[in-house]
Amino acid sequence: MQRGRLRVLLGAAPGVGKTYTMLEEGRRLRDEGRDVVVAVVETHGRAATAALVAGLELVPRRTVLHRGVRLDDMDLEAVLARRPDVALVDELAHTNAPGSPHDKRWQDVEAILAAGIDVISTVNVQHMQSLSTVVQEITGTVQRETVPDAVVRAADQIEVVDLSPQALRDRLSDGLVYPAARIDAALSNYFRLGNLTALRELALLWLADEVDDALKKYRAEHGIQHKWEARDRVLVALTGGPEGETLLRRGARIAARSAGGELAAVHVTTSDGLRERHPGALGRQRALVEQLGGTYHQVVGDDVPTTLVRFARSVDATQIVIGVSRRSRVLAALTGPGIGTTIVRESGDIDVHIVTHSAAGGRLALPRLGGSLSRSRVVAAFLLALAIGPLLTFVLSSVGDRDAITVEVLAYQMLVLVVALVGGMWPAVFAAVLSGLSLDFFFVQPLYTVTVQRPWHLAALILYVASAVAVSWVVDRSARRSRAARRAAAESALLVGIAGSVLRGDDALQALVDRAREAFGFDGVLVRQGEDVVAEAGAVRGAPSATTRLQSGGTVEFHGSADPGGQRLLRVVERQIDVALDHRTLARTAGEAERIAAADRVRSAILAAVGHDVRRPLAAASAAIQGLRAQDVTLSDHDREVLLTTADESLRTLGSLLADLLDVSRVQAGALAVATAPIGVDTVVAPALDELELGPGAVDLDLPAELPPVRADAVLLQRVVVNLLANAERYAPAGTRVRVAASAFAGMVELRIADQGPGIPPERRDDVFMPFQRLGDTDNDTGLGLGLALARGFIEAMDGSVEVDDTPGGGLTVVVRLPIAGHLGVGTVTTHTHGTATST
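To keep things clear, this report deals only with the structure shown in the data block. The shown structure was predicted, so the numbers you read here are calculated from the model rather than taken from an experiment.

## Here's the deal with the overall build of the protein chain
1) Next: Of regular secondary structure, the protein chain possesses 25 helices and 25 strands.
2) Next: Of all 840 residues assigned to the protein chain, the portion counted as buried reaches 43%.
3) Next: Taking as baseline every contact in the protein chain between residues at least 6 positions apart, the subset at least 24 positions apart corresponds to 72%.
4) Next: On the protein chain, roughly 42,400 Å² of surface is accessible, and the fraction owed to carbon and sulfur atoms is 56%.

Below, the structure is given as structure tokens:
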């Protein structure tokens with residue numbers, strides 16, 4: 001019997017539409033004439049999903065009674081007896097009810113497939129066995145139902161049912177995923193935007209791995225041994241010439257032709273003057289690389305082809321794009337193979353594209369051979385003298401006038417000048433001596449002897465050699481100065497690149513270390529300050545090859561060898577690292593000064609609040625007491641009671657304000673004593689409601705009985721809950737109820753206090769926990785605006801956190817997170833140090 005085919009719909013999270021897609025596909029297959037049944041489906045109360053079930057044949061479920069609870073599950077035997085063409089089986093990772101033929105639903109699916117029935121099933125990425133630990137780290141939720149990856153990978157077809165994280169949260173807020181009672185907890189816990197984004201990436205990467213495995217399997221089955229590059233990495237070599245933009249655009253087109261292709265550009269800075277031919281060209285080309293979505297790199301190396309190929313291998317490049325040489329054919333023939341030819345020879349399995357451009361094949365201009373005296377140029381000059389000298393002698397001997405040697409002298413002098421321009425002093429001296437001897441031997445009487453008949457002929461020969469040496473010395477000195485100038489320009493270009501990385505990066509020190517490792521070809525670079533590692537790049541193994549002590553007190557270690565020609569430039573980079581370390585120290589000091597200044601601002605605000613808000617209850621109490629002590633006024637019992645009540649309320653208000661001021665001062669000073677102990681959240685919420693006289697008609701409570709205890713200070717936590725409840729009640733519209741809910745998530749208990757009031761505009765979210773702030777700052781009867789400031793200070797002192805979020809449907813939700821108590825025991829008194837509290 002032929003085995004059935006399995007199609008799996010993979011989702012990043014509940015609610016993305018896997019079941020909906022499965023039912024849609026079932027209806028499509030039914031309309032095409034296939035026999036389709038719904039073996040099991042979980043609609044979770046979603047009306048749109050339930051509507052798709054209508055019209056499809058539904059196999060009745062089996063009912064199991066387990067410990068007095070009725071459990072419904074898929075009836076495997078009924079599905080096998082029905083023998084449809086296609087069975088729709090929801091939730092592949094589901095655990096079956098006790099007494100079922102198999103423990104897991106995926107095992108039921110295996111049985112259905114073995115019977116020759118095709119299956120369409122669904123699964124979420126968090127249920128993949130290999131990813132359960134990763135998902136737990138991301139979401140804090142333990143997945144008890146998993147399916148082996150091999151089961152899903154064995155499917156004939158896998159597709160991701162995708163939905164953007166924000167769209168999924170919108171669906172959840174609209175009540176399309178869970179009932180209204182579960183929306184707040186879901187948005188605050190599992191369905192956070194960051195969680196959903198990470199889960200979506202996991203789903204896509206898992207499928208990408210599956211595609212890669214399928215490709216490897218295909219190659220193995222077909223005996224394909226050579227490497228397939230499924231993703232191109234294109235490296236463009238930039239010289240700084242005008243052809244750079246042409247090469248970059250060609251490289252971008254090559255990368256775009258491959259799905260997921262990557263573009264990178266590299267410029268090799270050398271000591272022989274390979275640099276940009278036009279000012280600012282590299283800067284413009286760097287900007288173009290970033291516009292095209294690529295990355296720019298700059299490395300140092302005297303051997304340009306070797307350095308370029310080595311860098312290409314280090315970034316796993318599959319293709320290299322270079323430009324056609326700007327040298328003319330004549331010059332190329334004289335100086336041997338160029339950089340492009342060498343790159344092609346050394347590239348191995350990396351494809352090389354040689355792109356033509358408008359600057360290709362330039363005219364012959366000997367001074368533009370690089371401007372420095374490389375070994376190849378010196379050798380070429382000696383060979384030129386040896387080759388052209390005898391040829392010139394033969395031509396002059398054949399056609400020259402033996403009575404006058406003016407033409408011969410000028411011809412040989414031209415040869416010496418050409419050799420001097422190509423190879424500098426020593427080849428020119430060699431050419432001058434060789435040509436002088438040739439003149440004396442072939443053209444000065446007596447012929448064919450190295451003798452001089454007339455004294456002035458000897459003087460002429462000496463002057464001739466001296467003039468050749470002088471010209472060659474000038475050429476050689478000019479070339480050396482040109483080399484130094486070009487080296488300085490190349491170093492400046494590299495420093496500009498490093499400085500640009502620092503300016504664009506968030507961490508100047510790390511940017512310097514990264515670019516230094518890349519530019520000088522080190523295996524790794526490490527910066528220490530004392531015993532602490534403050535920046536690191538590359539592979540740091542074993543003892544460093546070089547260590548430099550910095551004036552700032554730190555050290556920089558280099559692992560691997562650098563180009564000897566770049567040592568002076570490396571010293572410059574070391575000084576920049578030294579400056580960056582100093583800057584980091586100064587920034588840390590400035591941060592501490594800012595915290596001190598912030599504390600001073602809070603103290604100033606406290607004094608201002610004392611003069612503003614505390615004065616009113618103090619004045620009211622003082623006036624009431626003076627009225628009671630007045631001798632010239634007769635007070636009735638009612639008047640006396642009113643004055644006593646006023647004095648009592650004013651003094652109680654004053655006491656509460658002063659207590660808040662003292663508390664916020666302790667929070668600011670980092671001297672808040674906290675006695676933590678395991679307590680239940682319900683034991684704090686109930687007294688807080690009693691204190692505010694809020695009954696069942698004003699508050700909706702959702703405090704699960706199985707909620708674990710938290711590690712907190714009962715007194716401080718009750719004050720936090722009172723402040724938050726009072727704030728929510730103040731802004732809740734008439735006829736609405738404040739909602740208080742709690743749940744456990746990722747080792748924390750979350751207490752959510754939600755209202756349906758005006759909420760807080762997004763631009764004021766950063767200010768919401770600043771002390772001495774009120775919404776609008778116009779109501780002076782509501783206290784000092786310390787409620788949420790104290791809430792954050794108290795909760796952070798208990799190792800928790802306070803955040804604000806939107807209430808679905810409008811309003812504000814304050815989320816308090818506290819750590820779950822590890823065990824019941826004696827509370828401890830600790831002193832916590834915090835920075836300036838920031839709340840509203």
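Picking up after the structure, the text goes on.
## Things to note about the nonpolar core
1) Next: Of all hydrophobic cores here, the largest spans 63 residues; its most connected members are Leu23, Leu88, Val89, Ile112 and Val147.
2) Next: Per-element accounting of this core gives the leading share, 6 residues, to helix 9 (residues 193–221).
3) Next: Leaving out residues up to four positions away in the same chain, Leu88 has contacts with Met22, Leu23, Gly26, Val36, Val37, Val38, Ala39, Val40, Leu56 and Ile120.
4) Next: One finds Ala712, Ala728, Val804 and Val816 within the second-largest nonpolar core, a separate group that totals 38 residues.

## A few points about helix 23 (residues 682–692)
1) Next: Regarding helix 23, the residues found buried are Val684, Val685, Ala688 and Leu689. The arc enclosing the buried residues of helix 23, seen along the axis, measures out at 130°, which places them on a common side. Turned more than 90 degrees away from the buried face of helix 23 sit Thr683, Asp690 and Glu691, all of them exposed.
2) Next: Remark: Glu693 follows helix 23 within two positions and exhibits a positive phi of approximately 55°.

## Some remarks on the sheet that holds strand 14 (residues 524–529)
1) Next: Read across the open sheet, the 4 strands follow the order 15-14-17-16; overall the sheet is antiparallel. Only two strands of the sheet have a single partner each, and these edge strands are strand 15 (532–538) and strand 16 (546–549). Here the strands of the sheet are splayed against their neighbours by 15° on average, with no regard to which way each runs.

## Description of the pattern of salt bridges
Any two side chains of opposite charge can pair, given that their charged atoms come close.
1) Next: Considering all chains together, one arrives at 20 salt bridges under this definition.
2) Next: Salt-bridge contacts for Arg7 lead to Glu159; the nearest nitrogen and oxygen are separated by 2.6 Å. Taken together, the positions of Arg7 in strand 1 (residues 6–11) and Glu159 in strand 8 (residues 157–161) put the pair 152 residues apart, joining distant regions of the chain.
3) Next: One salt-bridge network, in which partners are shared between bridges, spans Arg7, Glu25, Arg28, Glu32 and Glu159.

## Quick look at the pairing of strand 23 (residues 801–806)
1) Next: Here 6 bridges tie strand 23 to strand 24 (residues 812–819), and the two strands are oriented antiparallel to one another. Following the sheet pairing, Asp806 is matched in strand 24 by Leu812.
2) Next: Between strand 23 and strand 24, which pair antiparallel one after the other, the connecting turn spans 5 residues, and Gly809 there sits at a positive phi close to 95°.

## Side note on the packing of helix 15 (residues 375–399) against helix 17 (residues 425–443)
1) Next: At a minimum axis separation of 9 Å, helix 15 and helix 17 run at an interaxial angle of 15°. Considering the angle they form, helix 15 stands roughly parallel to helix 17. Note on packing geometry: the crossing formed by helix 15 with helix 17 is right-handed. Listed contacts from helix 17 to Val378, Ala381, Phe382, Ala385, Leu386, Thr393, Leu396 and Ser397 of helix 15 are Trp426, Pro427, Phe430, Ala431, Leu434, Ser438, Phe442 and Phe443.
2) Next: Class assignment of the residues belonging to the contact of helix 15 with helix 17 gives a composition of 13 nonpolar, 3 polar and no charged.

## Quick word on the environment of Leu10
1) Next: Secondary-structure assignment places Leu10 in strand 1.
2) Next: Taking the C-alpha atoms as reference, Leu10 lies 10.0 Å from Met128; in sequence the two are 118 residues apart.

## Describing the side chain of Arg7
1) Next: Given the relative accessible area of 16%, Arg7 is considered buried.
2) Next: Here the side chain of Arg7 touches Glu159 through a polar contact of 2.6 Å, side chain to side chain.
3) Next: Apart from the residues lying within four places of it in its own chain, the contact partners of Arg7 are Glu25, Val119, Ile120, Ser121, Gln157 and Glu159.

## Structural notes on the pairing of strand 24
1) Next: With 8 of 8 residues buried, strand 24 is to be regarded as a mostly interior element.
2) Next: Here strand 24 shows two buried faces, one formed by Leu812, Val814, Val816 and Leu818 and the other by Thr813, Val815, Arg817 and Pro819.
3) Next: Note: strand 22 (residues 748–754) against strand 24, 7 bridges, orientation antiparallel. If you follow Val749 over to strand 24, its bridge partner there is Leu818.

## A look at a nonpolar patch on the surface
1) Next: A surface patch of nonpolar side chains, about 490 Å² in accessible area, is lined by Ile388, Leu391, Phe394, Val395 and Val399.
2) Next: Mapping Val399 onto the fold places it in helix 15.

## Section: the sheet that holds strand 1
1) Next: Taking strand neighbours across the sheet as the criterion, the 6 strands line up as 3-2-6-7-1-8 in an open arrangement whose pairing is parallel. The outermost strands of the open sheet, each flanked by one partner alone, are strand 3 (57–58) and strand 8.
2) Next: Of the strand pairs in this sheet, strand 6 (residues 86–89) and strand 7 (residues 118–124) are connected by 4 bridges, and their pairing is parallel. Looking at the pairing, Ala87 lines up with Val119 of strand 7.
3) Next: In the packing of helix 1 (residues 18–31) onto the sheet, contacts are made with strand 1, strand 2 (36–40), strand 6, strand 7 and strand 8, and the angle to strand 7 comes to roughly 165°.
4) Next: This element, helix 4 (residues 105–114), spans strand 1, strand 2, strand 6 and strand 7 of the sheet and lies at about 180° to strand 6.

## Examining a positive patch on the surface
1) Next: A cluster of basic side chains, namely Arg249, Arg250, Arg253 and Arg257, defines a positive patch on the protein surface.
2) Next: The topology assignment puts Arg250 in helix 10 (residues 244–256).

## Looking at the side chain of Ser438
1) Next: In this fold, Ser438 is placed in helix 17.
2) Next: Given a relative accessible area of 12%, Ser438 falls into the buried group.
3) Next: At a separation of 2.8 Å, a polar atom in the side chain of Ser438 contacts the main-chain carbonyl oxygen of Leu434.
4) Next: Not counting chain neighbours up to four residues away, the residues in contact with Ser438 comprise Thr393, Tyr412 and Phe443.

## With respect to unusual backbone geometry
1) Next: With a phi close to 55°, His44 is a non-glycine residue in the positive phi region.
2) Next: Owing to a relative accessible area of 46%, His44 belongs among the partly exposed residues under this scheme.

## Notes on the packing of helix 10 against helix 11 (residues 281–291)
1) Next: For the pair helix 10 and helix 11, interaxial distance at closest approach is 10 Å and the crossing angle is 15°. Comparing the axis directions of helix 10 and helix 11 gives the class roughly parallel. Here helix 10 and helix 11 pass one another in a crossing that is right-handed. For the pair formed by helix 10 and helix 11, the contact residues are Gly244, Glu245, Leu248 and Arg249 on the first element and Arg284, Gln285, Leu288 and Val289 on the second.
2) Next: When its residues are assigned to classes, the contact of helix 10 with helix 11 shows 3 nonpolar, 2 polar and 3 charged.

Analysis parameters
- Residues numbered from 1 in each chain as written.
- Predicted model: local features only at pLDDT ≥ 70, side-chain atom pairs only at ≥ 80, totals over all residues.
- Heavy atoms only, no water.
- Helix = DSSP H or I, 4+ residues; strand = E, 2+ residues; numbered from the N terminus.
- Buried < 20%, exposed > 50% of the residue type's maximum accessible area, 1.4 Å probe, protein only.
- Contact = heavy atoms within 4.5 Å.
- Areas by Shrake-Rupley, 256 points an atom, 1.4 Å probe, with all protein chains shown as cover.
- Core = buried A, V, L, I, M, F, W, Y, C linked by side-chain atoms within 4.5 Å.
- Arc of directions from axis to C-beta.
- Pairing = 2+ DSSP bridges.
- Axes fitted to C-alpha atoms, helices over the stretch in contact; angles between N-to-C directions.
- Salt bridge = Lys/Arg side-chain N within 4 Å of Asp/Glu carboxyl O.
- Parallel < 35°, antiparallel > 145°, perpendicular 65-115°, else oblique.
- Left-handed = near helix turned anticlockwise from the far one by under 90°.
- Nonpolar A, V, L, I, M, F, W, Y, C, P; charged D, E, K, R; others polar.
- Polar contact = N/O pair within 3.5 Å; in protein donor to acceptor, adjacent residues only side chain to side chain.
- Patch = residues over 30% accessible without salt bridge, like charges linked within 9 Å, V, L, I, M, F, W, Y side chains within 5 Å.
- Lys, Arg positive; Asp, Glu negative; His and termini not counted.
- Charge placed at Lys NZ, Arg CZ, Asp CG, Glu CD.

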